[in-house]
Each structure stands twice: as structure tokens, then as C-alpha cells.
Amino acid sequence: MARVRAQVVQLDRGLPLVKTPDGALVRCKHATALVKEGNVRAVVGDWVQVVLDDDADIAQIAEVESRTRAFVRKDPAERQLPQTLAANFDTVIVAHPLHELNVRRLERELVLAHETGAAVVVALTKADLAQDGRTEGDLALVRHIVADDVRVLVVSSEDSESVEELRACVPEGTVAVLIGRSGVGKSSLVNLLAGRDVQQTTPVRETDGKGRHTTVNRAMITIERGGSVVDMPGVRGLGLWGADAGIAAAFPDVVELARGCRFRDCTHGEEPGCALAKAVEEGRLRPERLESYRHLAEENEAQKLKREEAARLATRGRKRRKRS
Ligand code: GDP
Ligand code: ZN
């Protein structure tokens, strides 16, 4: 038996595939203690301690190292639980179609991206489908709503040169996470960056030596002349999970203006002395942007309350069990 440090590069139906220091790909399961006691499950990007056992048909993850960074959303299955989708990355690339700009959705994606603390890049995709007359305006709008440190790139899978700037955002040794609605062109971008077709179904060598076809849910893909990207297909819901920092980072203009509100706990609704309402009136803030901000802030607060309530109920349940 040997114990090595490895990184999770793929997750298939909950079973991690890790890359060991010598480059081997090893299928793993979690040690029972991890799941039962710690409720810990490794995600793509996690660094883990793996126990390799020649006699066992599958290796075992004994420990998941603490994460420098994580992409977390509310578990879409109603329960008040977070769901971690990827760990230990440097950059979040938000892919959004230039010709079908949905500012509301983009603002949400930016909140989740900023909440991770990683660098944020917006890739406006399918540029070849954008109408000449509208592109400039749409691009200006996106540049206007993103924070100063967010790079905005225009890409098209029809023009391989266009992804070179994006490649430069993922230098060797770094990891980027790619988010965005299904169909916006993420897989096409990954293929261009990887320089090959990265298929949804990849033959995976099991540790017992048998090749087996596995449905890939989430994978870290090495790109040409660069680091790696984590594609997250099938990630639909982007519910907020504790996004105070993300909201502040995604709406720096609004946060700055809100410092001028008369009441510190102003909800920017009907209150007198609301600096945001005034800014909208005077044309210094787009009404849709204020609307988006309020919507996301409200969702964040509501989710926080629900989470606290769930924690209270859990504590009460534990106490009751102790007494009986
Ligand atoms: P994903 O679901 O985000 O991974 O999106 P895909 O990469 O699978 O792309 C969805 C569809 O859009 C496919 O039919 C692609 O061929 C098409 N597509 C992707 N990128 C572009 C692009 O830049 N221009 C055009 N015209 N079509 C694209
Ligand atoms: Zn206000």
C-alpha cells in the first residue's frame, strides 16, 4: 500500500478520477470515514491523499486538503445546503453569448464568480452571430457593468485566433473554471483551447486495467500552451449561497452609491433619502441594474435567513435527542 498526493481531475457519478504525481489516472472512492463523519466529498480540483492498494480494485481517498478556492452554489435540490462544484482554481471564465445578451443572468454569473475570490474573465461567445449594428452597444454595456478588474473578451469558435487572448488568461500552472448556460459555446471553447475534441464520453482506464466508458460530468482539461480548464456542463441553477462578498464585488458602482443613502439599512425601495433612487432619477444608474442588485441582494438575504433557521432546527433536534 502506498499513499500519494493527487489532484481530482474528473468526477463521474460521484466517483473521482485523480492524477498522481507520475501522471497516472486512478479511479477512487472516498474512505467511509470521510463521507460518514466529515460528510466530505472531493470535487474537481481538490488535492487529496490517496491510498493505492494493489489488491483493491479501486483506490481510496483518505483525506481532502483544505481548499484555497471553491465554486459554491445553493444545492438546486431545494434543501438548504451548499454544493461545491470545483476547487483550487485561479480564474473563473464566464461564457455568455454576445448576440443573446441577458444582462440579468450575466450579473448573477458575475456574483457567483466574484464570490470565489478568483480573477474573473467574461468571454462573449458566438461573436460571428452578433449583428454589426448592435455589437458595439452590447459590448459597451458589458464593459460598463463589470468591475474594473474584469477582462471582457470577444470570442468565436469560427475564428480560432479569437481564443488566443482567452488562452493567455490561463497560463501554464493555472486552472480556470468555465461557467455559463448550456449552449453558449463552452465545449467549443474548450475544444479550441485544448486543440482537440474533448468528448463528453471518454474512455477511462480503471485501476483494474479494464477500459470502460464513463459519462463525464465534470472534468479538468489540459489546454495547449496553457494550464487547465474545468468545464461544467449541465450546471443549470446558479442559486446564491452566502454571496455577500460576491455581490459587493460584482456591483461596486451600486455599493459606492449606496453609501450615500440616508439609512444604513436602506433597502433602496421606497425609503426617503435613497441615493440609488436619486442616481436612477438623474440617469447615473440604470434602473435595470438597481433592479438586478435588489433582486440578488434579496435572494441572498432570504437564503441566509433560511439557512439560519435550518441550523436552529438542527441544533434543537440534537438537544432534544440528547435529553431523551
Ligand atoms: P455548451 O453547451 O456551452 O458547451 O455549448 P457548445 O459548445 O456545445 O455549443 C452549442 C452550439 O453552438 C453548438 O451547435 C455549436 O456548434 C454552436 N457554437 C458554439 N460556439 C459557436 C460560435 O462561436 N459561433 C457559432 N456560430 N456557433 C457556435
Ligand atoms: Zn438606498
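**Here we look at the pattern of salt bridges**
- Scanning the entire structure with this criterion turns up 20 salt bridges.
- The salt bridge partner of K304 is E301, with a shortest N-O separation of 3.2 Å. Of the two residues, K304 and E301 are both situated in helix α9 (residues 287-323); the distance of three residues between them amounts to about one turn of the helix.
- Here the salt bridges share partners, and the residues they tie into one network are E107, D253 and R289.

**So, the coordination of the zinc ion (ligand 2)**
- Within the first shell, the zinc ion (ligand 2) binds the protein through C261 (SG), C266 (SG), H268 (ND1) and C274 (SG), at distances of 2.1 to 2.4 Å.
- Within one chain, the residues donating to the zinc ion (ligand 2) are spaced in sequence as C-x4-C-x1-H-x5-C. The burial state of C266 is the same as that of H268; both residues are buried.

**Some points on a negative patch on the surface**
- A contiguous patch of negative charge on the surface is contributed by D128, E158, D159 and E161.
- With respect to the element layout, E158 can be found in the loop between β10 (151-154) and α4 (164-168).

**A short note on the packing of aromatic side chains**
- Enumeration according to the criterion identifies one aromatic pair in this entry.
- Between the aromatic rings of F251 and Y293, the centroid separation amounts to 5.4 Å while the plane-to-plane angle is 70°, which identifies the pairing as edge-to-face. Of this pair, F251 sits in the loop between α6 (244-250) and α7 (252-258) while Y293 sits in helix α9, and the two are 42 residues apart along the sequence.
- Taking the relative accessible area as the measure of exposure, F251 reaches 0% and is therefore buried.
- Over the ring of W47 we find R5; its NZ or CZ atom is 4.3 Å from the centre of that ring.
- When the ring centre of W241 is taken as reference, the NZ or CZ atom of R307 above it lies at 4.1 Å.

**Some points on the site of ligand 1**
- Every one of the 14 residues lining ligand 1 counts as a neighbour, but D128, S157, G183, S187 and S188 are closest to it.
- V184 places a polar main-chain atom, nitrogen or oxygen, 3.3 Å from an oxygen atom of ligand 1.
- Here an oxygen atom of ligand 1 sits 2.6 Å away from a polar atom, N or O, in the side chain of S188.
- Here ligand 1 has 580 Å² of accessible area as a free molecule, and 66% of this is covered by the chains.
- Across the shell around ligand 1, the residue classes break down as two nonpolar, seven polar and five charged.

What counts, and where the lines are drawn
- Residues numbered from 1 in each chain as written.
- Chains lettered and ligands numbered in written order.
- Predicted model: local features only at pLDDT ≥ 70, side-chain atom pairs only at ≥ 80, totals over all residues.
- Heavy atoms only, no water.
- Salt bridge = Lys/Arg side-chain N within 4 Å of Asp/Glu carboxyl O.
- Helix = DSSP H or I, 4+ residues; strand = E, 2+ residues; numbered from the N terminus.
- Donors = N, O, S within 2.8 Å, 3.2 Å for Na, K, Ca; no water.
- Buried < 20%, exposed > 50% of the residue type's maximum accessible area, 1.4 Å probe, protein only.
- Patch = residues over 30% accessible without salt bridge, like charges linked within 9 Å, V, L, I, M, F, W, Y side chains within 5 Å.
- Areas by Shrake-Rupley, 256 points an atom, 1.4 Å probe, with all protein chains shown as cover.
- Lys, Arg positive; Asp, Glu negative; His and termini not counted.
- Charge placed at Lys NZ, Arg CZ, Asp CG, Glu CD.
- Phe/Tyr/Trp six-rings, centres within 6.5 Å; stacked < 30°, edge-to-face > 60°.
- Lys NZ or Arg CZ within 6 Å of the ring centre and 35° of its normal.
- Near = heavy atom within 4 Å.
- Polar contact = N/O pair within 3.5 Å; in protein donor to acceptor, adjacent residues only side chain to side chain.
- Nonpolar A, V, L, I, M, F, W, Y, C, P; charged D, E, K, R; others polar.

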